[in-house]
Amino acid sequence: VLEQAEFQPARLLEILRAVQAEFRHIPESAIALIAAGLQIPRTQIIAVAEFYSFLHLTPQGRYDLLISDSITDRMLGNQQVLDALAARLQVEVGGVRGDGLVSLNRTSCTGMCDQGPAGLVNGYPLPRLIPAKIAAVAELIEKQVPLADWPAEMFQVDEPIYRADLLLKQPFSNGEALQTAFARGLAETLAEVDLSHLRGRGGAGFKTALKWRTCSQQTATPRYVICNADEGEPGTFKDRMLLDLYADQVFEGMTVCAAIIGSSHGLVYLRAEYLFLRDKLLAVLQARREQGLLGKAILGREGFDFDIEIRMGAGAYICGEASAQIESLEGKPGIPRTKPPNSVVCGYQRKPTVVDNVETFFAATHIAIQGGQWFADIGTPQSTGTKLLSISGDCRRPGIYEYPFGTTVRQILQDCGADEVMGVQVGGPSGTFISNRELDRVVAFEDLSTAGSFMVFNRTRNLFAIAQNFIDFFAHESCGFCTPCRVGTALLRNQLAKIADGHGAAEDLEQLSALCEVVKNNSHCGLGESAANPILTTLLSYPELYLQQLKAKEFAPGFDLDATLAAARRLAQRDDAAAHLNQVEN
Ligand code: SF4
């Protein structure tokens, strides 16, 4: 395994993935070999292995089953899936069967919220886990049938596009954007991207042309182009569809960007849950090389060399954040960097780097062909063009929808077949929950900003279960770097559970709100800054539901600091009166 992988510290994640694929975990002997070969401390390797939820230091089953625990999968019965698999395969949830054949666990969203309840087996997708399919999966595992021999339809991920608009309808032939850009001139093409007012589709909405121009003006070389294909926000799956069906157009957007900023090296950071797309994407890249659209002297243009490689993530939501993604690409834990400097100045390998979302590159391809005004004519002045939405939850037609920015939530709900709506979570857990009294609000950067997640909840749903699921997600995905987020998300989870369980008094709600502000205002990166959103926005939409939930007349602390310090007393072998909190207060 070690001989096959390109053996550099920056490729540590890939090396560990390859080792794990062979041994079902990363054995101590491999850690020692890698440490010696890369000349890095073994603790550095362990830190990386421990950071990513898809890497393991202890053996997993030969069939490793992970069931999505996103809120929409819960609504579709993921617990029944877990129970059925656990019973049929005689394995505990969170455990490995005694004979090592199978392991079973929950995971964060698998990117298949439109076809849940979904899961993964050894990283490959298992959408629509209906009872008959669960039985078939269990039987194949018990018979130890290699994955390669499982029926292909088991792994079939559909790409239901219910509404195509400006971009998805646009005809395209390979090389068209590059040829148009070269004919027009690269500076002029950048001016067209500027004119289009294209903003990043990953959520932050940074102006694309400004990012490309700033990167191109840096004196440091080489420069890099990174396509962020790590859409880990629960409820988002539109990048999956783009990479599955429109990969050429995404790669062409990256190549246009490379020509403009002067880059020869592109990387696609593909989320681990989309492993099933990797071979397909590699084939598309190879075909593009054969067509002269990647590699040396692209389209015969001497001096323009550019190629793209695919790098896999390993199950860390935070790696969707650009600087954390760059850390991950460099073989480190995905901890967001302190900014400034931004990635366009000091990114991958500390060199100028453009990091853009899959959908941004896809849009840029068509802007390069059609021009900026064509794009700017659609949408709103602050949010030009269209937005791809991944719609899931309580609706009859979950799937992909493309809308001009400025479309109302009411219209979208009507199109996807949603009735009796209680609310919609726009933008995933980090986004905004809106009530059914706000359906005339619009999808746009100036109102409801979203990377693409649009989850619908009907009146039968429990608002607290939704908020709790989102807070659990953040508490699980916090990278642990800064205290307000690491500790704060855990406290939010506990406080919300206390209220949801009927032990909350009025003071608990005050404490909850205060804690939300602490987490929001003191965290290091966007994850922490938005982690309290599920509470803040549901509290704003449905304050009466929170008030109704306050069942306790008197406040009782939900956190016993003195009891928590008991472990420290044991370790210090000191349990006298002065080592207790009440003694300190006296
Ligand atoms: Fe990590 Fe959370 Fe701090 Fe971001 S806010 S750096 S995710 S601990």
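Residues numbered from 1 in each chain as written. Predicted model: local features only at pLDDT ≥ 70, side-chain atom pairs only at ≥ 80, totals over all residues.

A word on the sheet that holds strand β4 (residues 119–121)
For clarity, the cut-off: DSSP-based pairing: two strands are paired if at least 2 bridges between them are found. Strands are runs of DSSP state E lasting at least two residues, helices are runs of H or I lasting at least four, and both sets are numbered from the N terminus onward.
Strand order in this open sheet of 5 strands is β2-β3-β1-β4-β5, and the pairing throughout is mixed. With one partner strand each, in any of the chains shown, β2 (95–96) and β5 (124–126) form the two edges of the open sheet. Where β4 meets β5, 3 bridges bridge the pair, whose relative direction is antiparallel. Bridging from a neighbouring strand, V121 pairs with Y124 of β5.

Focus: helix α16 (residues 409–416)
As a reminder of what qualifies: Here a residue counts as buried when 20 or more other C-beta atoms fall within 10 Å of its C-beta, as exposed when 12 or fewer do, and as partly exposed in between; the C-beta atoms come from the backbone. Our arc is simply the arc of the directions from the helix axis toward the C-beta atoms. Placing C-beta atoms from the backbone, we regard two residues as in contact once those atoms come within 7 Å.
Turning to α16, its buried residues are V409, I412, L413 and C416. For α16, the buried positions fall inside an angular range of 100 degrees around the axis, keeping them on one side. Tucked into the core, α16 has its buried residues touching β6 (161–163), β11 (386–393), β12 (399–404), β13 (421–426), β14 (432–435) and β15 (453–458). Positive backbone phi, approximately 80 degrees, marks G417, located one or two places after α16.

Considering the confidence of the model for the protein
Stated formally: What pLDDT conveys is the predictor's confidence in a given residue, as a value from 0 to 100.
The predicted model of the protein averages 94 in pLDDT, with 98% of residues at 70 or higher. Per the prediction output, this complex has pTM 0.93; the corresponding ipTM is 0.99.

Quick notes on the packing of helix α10 (residues 238–245) against helix α14 (residues 358–370)
Test applied: Fitted lines through C-alpha atoms serve as axes, helices being fitted only where they are in contact, and the angles separating the N-to-C directions of these axes extend from 0 to 180 degrees. Orientation categories follow fixed angle ranges, with anything under 35 degrees roughly parallel, anything over 145 roughly antiparallel, 65 to 115 roughly perpendicular, and all other angles oblique. The hand of a helix crossing depends on one turn: near helix anticlockwise from the far one by less than a right angle means left-handed, and clockwise means right-handed. Any residue that is not Ala, Val, Leu, Ile, Met, Phe, Trp, Tyr, Cys, Pro, Asp, Glu, Lys or Arg is counted as polar, Gly included; the first ten are nonpolar and the last four charged.
Where α10 contacts α14, the two axes come as close as 9 Å, and the packing angle between them is 50 degrees. If you check the angle between α10 and α14, you find them oblique. Two packed elements cross with a definite hand, and for α10 against α14 that hand is left-handed. Residues K238, D239, L242 and L243 of α10 pack against V358, E359 and F362 of α14. Taken together, the residues that form the contact of α10 with α14 break down as 4 nonpolar, no polar and 3 charged.

Structural notes on the packing of helix α8 (residues 186–196) against α14
What describes two packed helices is the angle between their axes and the distance between those same axes. For the pair α8 and α14, interaxial distance at closest approach is 9 Å and the crossing angle is 115 degrees. The pairing of α8 with α14 is recorded here as roughly perpendicular in orientation. You can see that α8 and α14 cross each other, and the crossing is right-handed. In this structure, α8 contributes T189, E192, V193 and S196 to the contact, and α14 contributes A364, I367 and A368. Counted by class, the contact of α8 with α14 contains 4 nonpolar, 2 polar and 1 charged residues.

Some points on the sheet that holds β13
Picture the strands of a sheet paired through backbone hydrogen bonds; they go either parallel or antiparallel. Strand order in this open sheet of 6 strands is β6-β12-β11-β15-β13-β14, and the pairing throughout is mixed. Strand pairing shows two members of the sheet lacking a second neighbour, β6 and β14, which therefore form its edges. Ignoring which end each strand starts from, the neighbouring axes of this sheet average 30 degrees apart. Judged from the 2 bridges that link them, β6 and β12 form a sheet pairing that is parallel. Across the sheet, residue I161 finds its bridge partner in β12, namely I400.

Some remarks on the site of the ligand
Put simply, the rule reads: Here, nearness means that the C-beta atom of a residue, built from backbone geometry, sits within 6 Å of the molecule or strand in question.
As a matter of local geometry, the ligand sits amid 14 residues, with C479, C482, C485, C525 and G528 nearest to it. Of all the elements in the fold, those that place two or more residues in the shell around the ligand are α18 (483–500) and α20 (526–531). By residue class, the composition of the shell around the ligand is 8 nonpolar, 5 polar and 1 charged.

Focus on the pairing of β11
The element β11 is extensively covered by neighbouring structure, given that 8 of its 8 residues are classed as buried. Burial of the side chains of β11 extends over both faces: T386, L388, S390 and S392 are buried on one face and K387, L389, I391 and G393 on the other. Taken together, the 6 bridges between β11 and β12 define a ladder with antiparallel strand orientation. Each bridged residue has a counterpart across the sheet, and for T386 the counterpart in β12 is P404. Remark: 5 residues form the turn of the hairpin made by β11 and β12, two consecutive strands paired antiparallel. As paired elements, β11 and β15 share 4 bridges and run parallel to each other. Following the sheet pairing, S390 is matched in β15 by S453.

Description of helix α17 (residues 463–477)
This is how the line gets drawn: Here the expected span of a helix is defined as 1.5 Å times the quantity of residues minus one.
Over its 15 residues, α17 runs 21 Å from end to end, which matches the ideal 21 Å to within 8%, given 1.5 Å per residue. By the criterion of burial, α17 is predominantly enclosed, with 11 of the 15 residues buried. Listing the buried residues of α17 in full gives L463, I466, A467, Q468, N469, F470, I471, D472, F473, F474 and E477. Buried-residue contacts for α17 involve α4 (71–75), β15, α18, α20, α21 (533–541) and α22 (543–549).

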